Amino acid sequence: MPDLRKYDVILDALQQLLEEKKIQNISVSEIAHKAGIGKGSIYYYFPSKGAILDALIERSYEKPLLTAKNLAAQTNVSPFTRMAMLFQACQNSSIAFITQNGNAPDNTSAQDLAFLHQKYLSHVVSELKPDLTEIIKQGIQNGEIHFDYPAALAEIVLIIIAVKLDNSLLPSTPEETEDTLHGLISLLEKGTGVAAGTLSYLSLML
């Protein structure tokens, strides 16, 4: 049975190395040395350095996402309220990302930050897409939402929300971000067949 403490030690080692050197210059052997374990033990837990990095990103932002996933699972709550919970999770994880990378060492390259940013966005969208898809499907089944492609809608919405709220990939003024989110809400209302203004409360939670 895997030792979860050793799993975390490996992630801690990579996090420490990222403060000292560029991602592409870090080897699995260095991670093992920093963690104080054999290289073979690394491969017992992770198939590659990329997998270790993915796990580190997941651990860094798991709290807001886990909270959202638990809230989204409350099927007795309105689909629209649960949507807002997921949007709020995107915002919380975005704040965590900005805070952590705002404190990155001065020697962290722009290339490394861009790479980590791409990994972060991919993680957020892939983690929340199944939950948002199920919420939309519930709304369809209840007759509250009218849309033929729930998974596609979930992905589109999450990409827009994640990119705009972390404000790193496409830097925007607060006014521009607000306009985009209001536009998204309007499109959601028209695309899902709900009355105009039904989802306006979402803007207050973002």
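Not measured: the values here are computed from a predicted model.

## Things to note about the overall build of the chain
Consideration 1: Counting its regular elements, the chain contains nine helices and zero strands.
Consideration 2: Ordered by position from the N terminus, the helices and strands of the chain form the series α-α-α-α-α-α-α-α-α.
Consideration 3: A total of 206 residues make up the chain; the buried ones form 41% of that total.
Consideration 4: Of the contacts formed within the chain by residues at least 6 apart in sequence, a portion of 66% connects residues at least 24 apart.
Consideration 5: Carbon and sulfur atoms make up 56% of the accessible area of the chain, which totals about 10900 Å².

## Focus: a negative patch on the surface
Consideration 1: Taken together, the side chains of Glu-175, Glu-176, Glu-178 and Asp-179 make up a negatively charged region of the molecular surface.
Consideration 2: Looking at the element boundaries, Glu-176 is found in helix 9 (residues 174-192).

## Comments concerning the environment of Asp-54
Consideration 1: The topology assignment puts Asp-54 in helix 4 (residues 49-60).
Consideration 2: Separated by 43 residues in the primary sequence, Asp-54 and Leu-11 have C-alpha atoms spaced 9.8 Å apart.

## Observations regarding the pattern of salt bridges
Consideration 1: Enumeration according to the criterion identifies seven salt bridges in this entry.
Consideration 2: The shortest N-O distance in the salt bridge between Lys-34 and Glu-20 comes to 3.0 Å. With Lys-34 in helix 2 (residues 28-35) and Glu-20 in the loop between helix 1 (4-18) and helix 2, this residue pair connects regions lying 14 residues apart in the sequence.
Consideration 3: Accessibility expressed as a relative area gives 34% for Lys-34, which makes it partly exposed.
Consideration 4: Put simply, Asp-8, Asp-12 and Arg-59 are held in one network by salt bridges that share partners.

## Overview of the environment of Ala-55
Consideration 1: Within the secondary structure layout, Ala-55 lies in helix 4.
Consideration 2: Ala-55 sits in the buried class, given a relative accessible area of 9%.
Consideration 3: For the pair Ala-55 and Ile-10, spaced 45 residues apart in the sequence, the C-alpha separation amounts to 10.0 Å.
Consideration 4: For Ala-55, the residues in contact, after removing those within four places along its chain, are Tyr-7, Leu-11 and Phe-46.

## Topic: helix 4
The α-helix advances 3.6 residues per turn, and as a result positions three or four apart in sequence lie on the same side.
Consideration 1: A rise of 1.5 Å per residue sets the reference length of helix 4, with its 12 residues, at 16 Å; its end C-alpha atoms lie 17 Å apart and thus fit the reference within 8%.
Consideration 2: Listed in full, the buried residues belonging to helix 4 are Ala-51, Ile-52, Leu-53, Ala-55, Leu-56 and Ile-57.

## Section: the packing of aromatic side chains
Consideration 1: Per the counting criterion, the structure on display carries three aromatic pairs.
Consideration 2: Here Tyr-44 and Tyr-45 contribute two aromatic rings whose centre-to-centre distance is 5.0 Å and whose plane-to-plane angle is 85 degrees, an arrangement assigned as edge-to-face.
Consideration 3: With a centroid separation of 6.4 Å and an interplanar angle of 80 degrees, the aromatic rings of Phe-147 and Tyr-149 are classed as edge-to-face.
Consideration 4: Given the relative accessible area of 57%, Tyr-149 is considered exposed.

What counts as what
- Residues numbered from 1 in each chain as written.
- Predicted model: local features only at pLDDT ≥ 70, side-chain atom pairs only at ≥ 80, totals over all residues.
- Heavy atoms only, no water.
- Helix = DSSP H or I, 4+ residues; strand = E, 2+ residues; numbered from the N terminus.
- Buried < 20%, exposed > 50% of the residue type's maximum accessible area, 1.4 Å probe, protein only.
- Contact = heavy atoms within 4.5 Å.
- Areas by Shrake-Rupley, 256 points an atom, 1.4 Å probe, with all protein chains shown as cover.
- Patch = residues over 30% accessible without salt bridge, like charges linked within 9 Å, V, L, I, M, F, W, Y side chains within 5 Å.
- Salt bridge = Lys/Arg side-chain N within 4 Å of Asp/Glu carboxyl O.
- Lys, Arg positive; Asp, Glu negative; His and termini not counted.
- Charge placed at Lys NZ, Arg CZ, Asp CG, Glu CD.
- Expected span 1.5 Å × (residues − 1).
- Phe/Tyr/Trp six-rings, centres within 6.5 Å; stacked < 30°, edge-to-face > 60°.

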